[in-house]
Amino acid sequence: MRPTDIPEDVLDRVSDGFFAVDTDWRVTYVNRAGEEFLGVTAEELVGEDLWESFPDAVGTEFYDAYERAVETGESITFESYYEPFDSWFEVRAFPSETGLSVYFRDVTRRRRMETELRREKSLLERVFETTPVALVVVDADGEIVRANERAGALLGLARSEMTGRRYDHPGWRQFDEAGEPLDPEALPVARVFETGEAVFGAEHGIELPDGSRVWLSVNAVPHTDPGGSVRRVVAAFEDVTDRREREADLEAANRQFELLNRILRHDVRNDVSVMLGWAELLEESLEDEEAVEALSRIRTTGRDALRLTETGKDLIEVLSTDGEVPLEPVSVREVLSAELTKHREMYPDASFRVDGGLPPPDLAVEANEMLSSVVGNVLTNAVQHNDTDAPTVEVGVETTPTTVTIRVADDGPGFPAGPEAAFEPGEPGLDSDGTGLGLYLVRELVSRYGGDVRAGESDPRGSVVAVELDRA
């Protein structure tokens with residue numbers, strides 16, 4: 001059946017516009033949809049020349065296509081924009097011996113949607129390529145189907161090398177906080193495929209093809225089909241290595257400042273205890289000669305406490321420096337003499353002995369002014385962690401041509417958790433009033449001096465701590 005043979009009542013019920021012209025281009029029929037699209041009635045248009053009724057169409061694609069269909073006798077289909085109506089039309093024209101039958105529909109909305117989609121796609125493409133965040137698209141088989149320039153730069157591969165590569169490729173060794181290889185199922189992309197839920201802020205390390213290591217922060221979101229199945233995963237990731245290193249440095253600095261705070265509380269508290277003890281004596285006899293001497297010692301202790309607080313910055317520098325620190329010769333005799341005097345006053349019930357007497361004045365070690373804290377903390381530890389009423393502490397000095405070892409032994413219970421446990425920070429020891437800081441500080445400081453600290457058990461009971469330093 002030819003288009004012109006379709007009954008008029010049928011043509012009036014179709015949603016497409018329809019009109020027919022004879023061989024002289026005079027309109028012979030227009031259906032109702034055609035009247036609405038063209039903005040004229042059938043009475044106004046039937047019998048009129050098509051091109052005279054729509055002179056703006058002359059020279060357009062509509063004109064050329066209709067002419068070509070009539071000349072060739074072949075039907076034609078096309079889409080074109082008609083400026084007077086500001087609309088796009090999809091047209092199918094069928095020539096016959098009696099003229100031309102034309103079906104047309106307004107596709108402006110669809111064309112504008114397609115144009116907008118193309119614009120959005122172009123915009124997304126530009127965003128995908130220019131964003132500073134690395135982006136990859138992974139298909140359901142786990143293969144990377146797209147990657148932007150940043151992703152290639154961050155992961156150490158050209159984009160052409162990444163396409164078709166699995167997200168869990170063994171060439172990217174991915175590891176956790178402990179440096180252990182991550183189970184592929186624990187990777188963010190795998191979790192999205194498994195659960196269908198987005199993953200945000202997941203961090204893990206990755207070893208790149210060149211052997212370097214970086215830390216990544218990953219956001220991964222699913223792209224689902226109409227049935228809700230995850231067909232692809234879009235992953236965005238960034239290099240957070242510098243940030244994590246800064247955080248680690250900050251955490252280390254905080255630990256060091258907390259350590260300093262504890263050191264100051266520990267040492268200054270002991271000095272203040274001595275000062276308060278002598279203050280009680282002074283209240284009873286300010287004119288007594290012994291009290292005058294005590295006052296002098298109180299002033300010395302006060303100056304020592306002030307020096308400790310004022311040199312806190314130096315202590316932080318020592319504790320936060322990697323490797324060795326600038327050293328100078330320090331007299332072992334002067335340090336031992338000062339600390340033994342102080343501790344005899346602090347702990348009057350304890351007995352402090354020096355095996356073989358104090359070393360000669362010219363015996364010096366490579367250290368700095370913090371050596372007093374080293375010796376002081378070892379002595380304090382020997383008393384505070386002792387379970388006897390009258391602790392005995394014996395100090396000895398052993399020398400070789402290159403080293404000096406300060407040995408402190410006590411008659412306490414030793415190290416219940418083992419010698420090495422005594423060097424752990426925060427270890428409370430036996431004395432509930434102890435800070436557990438002393439031996440940890442000793443090891444930290446002595447290691448900066450390039451020396452060594454050893455701990456062991458005495459025979460028949462007690463503990464021994466030996467501080468070995470380079471001879472100056």
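Residues numbered from 1 in each chain as written. Predicted model: local features only at pLDDT ≥ 70, side-chain atom pairs only at ≥ 80, totals over all residues. Heavy atoms only, no water.

1. Looking at the overall build of the chain
For step 1, the next point in the chain: Across its full length, the chain carries 15 helices and 18 strands.
For step 2, the next point in the chain: Classification of the 472 residues of the chain by burial places 41% in the buried group.
For step 3, the next point in the chain: Pairs at least 24 residues apart make up 53% of the contacts formed inside the chain by residues separated by at least 6 positions.
For step 4, the next point in the chain: Counting only carbon and sulfur atoms, one obtains 49% of the accessible surface of the chain, whose full area is about 25900 Å². (Helix = DSSP H or I, 4+ residues; strand = E, 2+ residues; numbered from the N terminus. Buried < 20%, exposed > 50% of the residue type's maximum accessible area, 1.4 Å probe, protein only. Contact = heavy atoms within 4.5 Å. Areas by Shrake-Rupley, 256 points an atom, 1.4 Å probe, with all protein chains shown as cover.)

2. Here's the deal with unusual backbone geometry
Most peptide bonds take the trans form, and the phi angle of most residues other than glycine is negative.
For step 1, the next point in the chain: Positioned with a positive phi, Trp25 is a non-glycine residue whose angle comes to about 65°.
For step 2, the next point in the chain: Mapping Trp25 onto the fold places it in the loop between strand S1 (17–22) and strand S2 (27–30).
For step 3, the next point in the chain: On the basis of relative accessible area, Trp25 is assigned to the buried category, the value being 13%.
For step 4, the next point in the chain: Positive phi, normally seen in glycine, also occurs at Asp86, with a value near 50°.
For step 5, the next point in the chain: Structurally, the position occupied by Asp86 is in the loop between strand S3 (76–82) and strand S4 (87–96).

3. Digging into helix H13 (residues 332–346)
For step 1, the next point in the chain: For H13, with 15 residues, the first-to-last C-alpha span of 21 Å sits near the 21 Å given by 1.5 Å per residue.
For step 2, the next point in the chain: Measuring from the side-chain oxygen of the N-cap residue of H13 to the backbone nitrogen of Arg333 gives 3.5 Å; that N-cap residue is Ser331. (Expected span 1.5 Å × (residues − 1). Polar contact = N/O pair within 3.5 Å; in protein donor to acceptor, adjacent residues only side chain to side chain.)

4. Some words on the side chain of Asp410
For step 1, the next point in the chain: By the secondary structure assignment, Asp410 is in strand S16 (residues 403–410).
For step 2, the next point in the chain: One buried charged residue, Asp410, forms no salt bridge at all, with the nearest opposite charge on Arg461 at 6.9 Å.
For step 3, the next point in the chain: In this structure the side chain of Asp410 is engaged in a polar contact, spanning 2.8 Å, whose partner is the backbone nitrogen of Gly412.
For step 4, the next point in the chain: Among the polar contacts made by the side chain of Asp410, one reaches the side chain of Ser463 at a distance of 2.5 Å. (Lys, Arg positive; Asp, Glu negative; His and termini not counted. Salt bridge = Lys/Arg side-chain N within 4 Å of Asp/Glu carboxyl O.)

5. Details of the sheet that holds S16
For step 1, the next point in the chain: If you trace the 5 strands from one edge of the open sheet to the other, you get S13-S15-S16-S18-S17, paired in mixed fashion. Each edge of the open sheet carries a strand with a single partner, namely strand S13 (351–355) and strand S17 (452–457). Pairwise comparison of adjacent strand axes, ignoring direction, gives a mean angle of 15° for this sheet.
For step 2, the next point in the chain: When S13 meets strand S15 (residues 392–399), the two strands line up parallel, connected through 5 bridges. Within the sheet, the bridge partner assigned to Arg353 lies in S15 and is Glu394.
For step 3, the next point in the chain: Running over the sheet, H13 touches S13, S15 and S16 and is turned about 160° from S13.
For step 4, the next point in the chain: Running over the sheet, helix H14 (residues 371–384) touches S13, S15, S16 and strand S18 (463–470) and is turned about 25° from S16. (Pairing = 2+ DSSP bridges. Axes fitted to C-alpha atoms, helices over the stretch in contact; angles between N-to-C directions.)

6. Regarding a nonpolar patch on the surface
For step 1, the next point in the chain: Among the surface-exposed residues, Phe200, Val221 and Val234 lie close enough to one another that they form a single nonpolar patch of about 260 Å² accessible area.
For step 2, the next point in the chain: Looking at where Val234 falls in the secondary structure, it is placed in strand S11 (residues 230–239).
For step 3, the next point in the chain: Classification of Val234 as partly exposed rests on a relative accessible area of 31%. (Patch = residues over 30% accessible without salt bridge, like charges linked within 9 Å, V, L, I, M, F, W, Y side chains within 5 Å.)

7. Considering the pairing of S15
For step 1, the next point in the chain: With 7 bridges connecting them, S15 and S16 associate as antiparallel partners. Within S16, the position partnered with Thr399 by the bridge is Val404.
For step 2, the next point in the chain: What sits between S15 and S16 in their antiparallel hairpin is a turn of 3 residues.

8. Things to note about the sheet that holds S2
For step 1, the next point in the chain: Here 5 strands make up an open sheet; going across it, the order is S2-S1-S5-S4-S3 and the pairing antiparallel. Bordering the open sheet on either side are S2 and S3, each of which pairs with just one other strand. When the angles between neighbouring strand axes are averaged without regard to direction, this sheet yields 25°.
For step 2, the next point in the chain: Examined bridge by bridge, S3 and S4 share 7 bridges and lie antiparallel to one another. By the bridge assignment for S4, Thr77 is matched with Arg92.
For step 3, the next point in the chain: Across the sheet, helix H5 (residues 61–72) is in contact with S1, S3, S4 and strand S5 (99–106); its angle to S3 comes to roughly 160°.

9. Structural notes on the environment of Gly228
For step 1, the next point in the chain: Positionally, Gly228 belongs in the loop between strand S10 (213–224) and S11.
For step 2, the next point in the chain: Under the relative-accessibility criterion, Gly228 is labelled partly exposed at 48%.
For step 3, the next point in the chain: Gly228 sits 32 residues away from Gly196 along the chain, and the two C-alpha atoms are 8.6 Å apart.

10. So, the packing of aromatic side chains
For step 1, the next point in the chain: Counted under the stated rule, the structure contains 18 aromatic pairs.
For step 2, the next point in the chain: Measuring from ring centre to ring centre gives 5.7 Å for Tyr81 and Trp88, while their planes differ by 50°; the resulting arrangement is tilted.
For step 3, the next point in the chain: Within the aromatic cluster, the residues linked to one another by ring pairs are Phe19, Trp25, Phe37, Trp51, Phe62, Tyr63, Tyr66, Phe78, Tyr82, Phe85, Phe89 and Phe104.
For step 4, the next point in the chain: Of note, Arg146 hangs over the ring of Phe128, and the distance from its end group to the ring centre comes to 4.3 Å. (Phe/Tyr/Trp six-rings, centres within 6.5 Å; stacked < 30°, edge-to-face > 60°. Lys NZ or Arg CZ within 6 Å of the ring centre and 35° of its normal.)

11. A word on the environment of Arg32
For step 1, the next point in the chain: With respect to the helices and strands, Arg32 occurs in helix H2 (residues 32–38).
For step 2, the next point in the chain: Accessibility expressed as a relative area gives 55% for Arg32, which makes it exposed.
For step 3, the next point in the chain: The spacing of Arg32 and Ser15 is 17 residues in sequence and 8.8 Å in space, taken between C-alpha atoms.

12. Things to note about the nonpolar core
For step 1, the next point in the chain: Formed by 39 residues in total, the largest nonpolar core has its most connected members in Leu371, Val374, Leu439, Val442 and Tyr449.
For step 2, the next point in the chain: Of all the elements in the fold, those that place two or more residues in this core are H13, strand S14 (364–367), H14, S15, S16, helix H15 (438–448) and S18.
For step 3, the next point in the chain: At 7 residues, H14 tops the list of elements feeding residues into this core.
For step 4, the next point in the chain: Among residues more than four places away in sequence, those in contact with Val374 are Val442, Leu445, Val446, Tyr449 and Val467.
For step 5, the next point in the chain: Counting residues in hydrophobic clusters, the runner-up holds 28 residues, among them Val138, Met162, Ala190 and Leu216. (Core = buried A, V, L, I, M, F, W, Y, C linked by side-chain atoms within 4.5 Å.)

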